[in-house]
Amino acid sequence: MSERWTTAVLDTALPGGLAVARSSQGFLCAAQGVLFERQWLKQQPLDILAEHGIGHFDGQPVYLLELRSPDTPDDCHWQGLRQFMLEGDFQVYRMLGYAAQIGTWAREHRFCGSCGGPMQQVKGERAMHCARCELRSYPRISPSMIVLVTRGDEVLLARSPRFVPGVYSTLAGFAEPGESAEDCLRREVMEEVQVTVRNIQYIGSQCWPFPHSMMLGFHAEYAAGEIVPQLDEIEDAQWFHIDALPALPAGRSIARHLIDLYVARRSGLPEPVLPS
Ligand SMILES: NC(=O)C1=CN([C@@H]2O[C@H](COP(=O)(O)OP(=O)(O)OC[C@H]3O[C@@H](n4cnc5c(N)ncnc54)[C@H](O)[C@@H]3O)[C@@H](O)[C@H]2O)C=CC1
Ligand SMILES: [Mg+2]
Ligand SMILES: [Zn+2]
């Protein structure tokens, strides 16, 4: 089966196609969904900051209208990206995740970070260019490690004060310059719970457009140390038996996948597949 959503750099001077609109309130939705006839959408009283040609959905060209303010056309409403991640068509979520990252990046790179001059979108390439100093800026992706620390039939899960009450998840954190993925993983686990790990195994990755993370997921075995939760960052961290797990993160997250996969392997059940 061919992919329903594929990215492309489309020329915004061309007519036709479909469009999504994004404001600080999320994506514009109507009864038929998030994809609108582009020409119709551009005739609505929207405060458009920029337009990007972002790809194809079911073979149709798709454009993003990045808005300055959330003026709402009749019979429409706004829905945040997280809601699309949690429910509905995963391919629509992938498209909107890409749109959000491109919209945010272009909005934040209208001026050159080196000389302060205005930047222009490069034709046919996903890049912003400064004519004054020749700097090119490409979409930013922030690699983050996420790890399920295991000890036989137990897994180490933690709560951030930002989580929904009762929910525990895997440990995660952003890579710093100079680190390998494994260095970052060991540092984050040490910072957040003060334990050491061994036998680090790469499981898989997930684009996490909140706002621009690339999650690299691992399993790692516990080696040594007592859990000491990091002040302010970690509200609580505990070992949980795989038969007595607390409330867990959303089904489509790699955090949940790392947990479900480990439980399946320990229990001899069929392995879950990470949505892609
Ligand atoms: N898809 C999934 O299943 C999950 C995804 N995540 C994501 O992983 C990422 C990292 O997790 P956290 O525990 O929040 O990270 P973390 O443990 O590194 O701490 C977050 C702190 O890092 C700093 N920070 C923010 N952006 C940064 C960047 N680009 N580079 C370096 N430092 C930065 C800020 O001070 C922020 O408060 C987040 O984007 C989070 O949403 C976290 C858990 C599950
Ligand atoms: Mg963290
Ligand atoms: Zn410049």
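Numbering of residues begins from 1 in every chain and follows the order in which that chain's sequence is written. Think of it this way: whatever chain is written first is A, whatever ligand is written first is 1, and the rest follow in order. Local features in this predicted model are restricted to residues whose pLDDT is 70 or higher, and side-chain atom pairs enter the listing and the counts only when it is 80 or higher, whereas totals over whole chains, interfaces and linings include all residues. Hydrogens are left out, water is left out, and the side-chain values use all remaining heavy atoms of the structure.

Enquirer: Is there a simple way to explain the coordination of the zinc ion (ligand 3) in this structure?
Expert: For a metal with four donors in a tetrahedral arrangement, the ideal angle between donors is 109.5 degrees, while six donors in an octahedron ideally sit at 90 or 180 degrees. Distances define the donors: N, O and S atoms within 2.8 Å of the metal qualify, as do those within 3.2 Å of Na, K or Ca. Water is excluded, so some sites may look unfinished. Summarising the metal site, the zinc ion (ligand 3) is bound by the protein donors Cys112 (SG), Cys115 (SG), Cys130 (SG) and Cys133 (SG), whose distances to it range over 2.3 to 2.4 Å. Metal-centred angles of 96 to 117° between the four donor atoms at the zinc ion (ligand 3) mark the site as tetrahedral. Linear spacing of the donor residues for the zinc ion (ligand 3) on their chain is C-x2-C-x14-C-x2-C. Buried means the residue's accessible area, taken with a 1.4 Å probe over protein chains only, is under 20% of the maximum for its type, while exposed means over 50%, and partly exposed covers the values in between. Residue class for Cys133 comes out partly exposed when judged on its relative accessible area of 31%. For four-coordinate sites, all angles between 85 and 135 degrees define a tetrahedron; for four- and six-coordinate sites, opposite donors beyond 155 degrees with the remaining angles between 65 and 115 define square planar and octahedral shapes respectively, and all other cases count as irregular.

Enquirer: Please clarify how the sheet that holds strand 9 (residues 128-130) should be interpreted in this entry.
Expert: Picture the strands of a sheet paired through backbone hydrogen bonds; they go either parallel or antiparallel. Taken together, the three strands give an open sheet; going across it, the order is 8-9-10, and neighbouring strands pair in antiparallel fashion. Lying at the two open borders of the sheet, with one neighbouring strand each, are strand 8 (119-121) and strand 10 (136-137). Each pair of strands is called paired provided DSSP finds at least two bridges between the two strands. Numbering of helices and strands starts at the N terminus; helices are DSSP runs of H or I of at least 4 residues and strands are runs of E of at least 2.

Enquirer: Explanation requested: the coordination of the magnesium ion (ligand 2) in the structure shown.
Expert: Looking at the magnesium ion (ligand 2), one finds its protein donor set to be Ala172 (O) and Glu192 (OE), positioned 2.1 to 2.2 Å from the metal centre. Pair noted here: Ala172 is in strand 13 (residues 171-174) and Glu192 is in helix 4 (residues 181-193), with a separation of 20 residues, a long-range link. Look at Glu192 and you get buried, because its relative accessible area is 7%.

Enquirer: Mind showing me how you'd approach the site of ligand 1 here?
Expert: Taken together, 18 residues sit near ligand 1, with Ala172, Glu192, Trp208, Ser213 and Ala255 positioned nearest. Counted as a polar contact is a pair of N or O atoms within 3.5 Å, where, for protein atoms, one must be capable of donating a hydrogen and the other of accepting one, and residues adjacent in sequence contribute only when both atoms are in side chains. A distance of 3.1 Å is found between a nitrogen atom of ligand 1 and a side-chain nitrogen or oxygen belonging to Gln206. Computed by Shrake-Rupley with a 1.4 Å probe, the accessible areas treat only the displayed protein chains as cover when residues are assessed. In isolation ligand 1 has 850 Å² of accessible area, and contact with the protein removes 63% of it. Going through the elements one at a time, strand 11 (142-151), strand 13, helix 4, strand 14 (196-208), strand 15 (213-224) and helix 5 (254-267) are the ones with two or more residues in the shell around ligand 1. One heavy atom within 4 Å of a molecule or strand is enough for the residue carrying it to be called near that molecule or strand.

Enquirer: Is there a simple way to explain the UniProt feature "binding site: a divalent metal cation 2" (unreviewed entry) in the protein in this structure?
Expert: Under the present numbering, the feature "binding site: a divalent metal cation 2" (unreviewed entry) in UniProt falls on Glu188. Glu188 has contacts with Ala172, Gly173 and Phe174, leaving out every residue within four places of it along the chain. UniProt positions are given in the numbering used here, feature names are shortened, and annotations may be inferred rather than shown by experiment. In what follows, residue pairs with any heavy atoms lying within 4.5 Å of each other are defined as contacts.

Enquirer: Is there a simple way to think about the pattern of salt bridges in this case?
Expert: Side chains that differ in sign of charge can pair as their charged atoms come close. Salt bridge criterion: a side-chain nitrogen from Lys or Arg within 4 Å of a carboxyl oxygen from Asp or Glu. Applying the stated criterion to the full structure yields 21 salt bridges. The shortest N-O distance in the salt bridge between Arg140 and Glu108 comes to 2.8 Å. With Arg140 in the loop between strand 10 and strand 11 and Glu108 in helix 3 (residues 90-108), this pair connects stretches of sequence that are 32 residues apart. Glu125 is the partner of Arg136 in a salt bridge, and the nearest nitrogen-oxygen pair spans 2.7 Å. Taken together, the residues Arg136 in strand 10 and Glu125 in the loop between strand 8 and strand 9 connect sequence positions 11 residues apart. For Arg136, a relative accessible area of 36% gives the class partly exposed. Glu125 gets classed as partly exposed once you look at its relative accessible area, which sits at 31%. Through salt bridges with shared partners, a single network forms among Glu176, Glu179, Arg187, Glu188 and Glu191.

Enquirer: Please clarify how the pairing of strand 14 should be interpreted in this entry.
Expert: Each regular strand carries side chains that alternate between the two faces of the sheet. In this sheet, strand 15 lies alongside strand 14 in antiparallel orientation, the contact comprising 10 bridges. Bridge assignment links Ser205 to a residue of strand 15, and that residue is Leu216. Here strand 14 folds back onto strand 15, and the loop between the two strands holds four residues.

Enquirer: For this particular structure, what's the right way to read the domain arrangement of the protein?
Expert: Where interface size is quoted, it is often the accessible area lost as the parts come together. We note that the domain assignment places domain 1 (5-108) and domain 2 (142-267) within the protein. These domain limits were set by an automatic method or by a database of domain assignments. Each of domain 1 and domain 2 has a C-alpha centre, and these two points are 33 Å apart. Listed per partner, the contact involves 12 residues of domain 1 and eight residues of domain 2. Defined here as a combined quantity, buried area equals the accessible surface (1.4 Å probe) lost by two parts on assembly, summed across both. Overall, the association of domain 1 and domain 2 removes approximately 900 Å² of surface from exposure, summing both partners, and the carbon and sulfur fraction of that is 63%. Contact with domain 2 buries surface across domain 1, with Arg82, Met85 and Gln101 losing the most and accounting together for 51% of the total. Inspection of the domain 1/domain 2 interface yields zero salt bridges. Taken together, the links from domain 1 to domain 2 amount to three residue pairs in polar contact (both at pLDDT 80 or more). Of the residues forming the side of domain 1 that touches domain 2, the biggest block, five residues, is contributed by helix 2 (residues 81-86). Note on residue categories: nonpolar means Ala, Val, Leu, Ile, Met, Phe, Trp, Tyr, Cys or Pro, charged means Asp, Glu, Lys or Arg, and polar means any other residue, Gly included. For the side of domain 1 that touches domain 2, the per-class residue count stands at six nonpolar, three polar and three charged.

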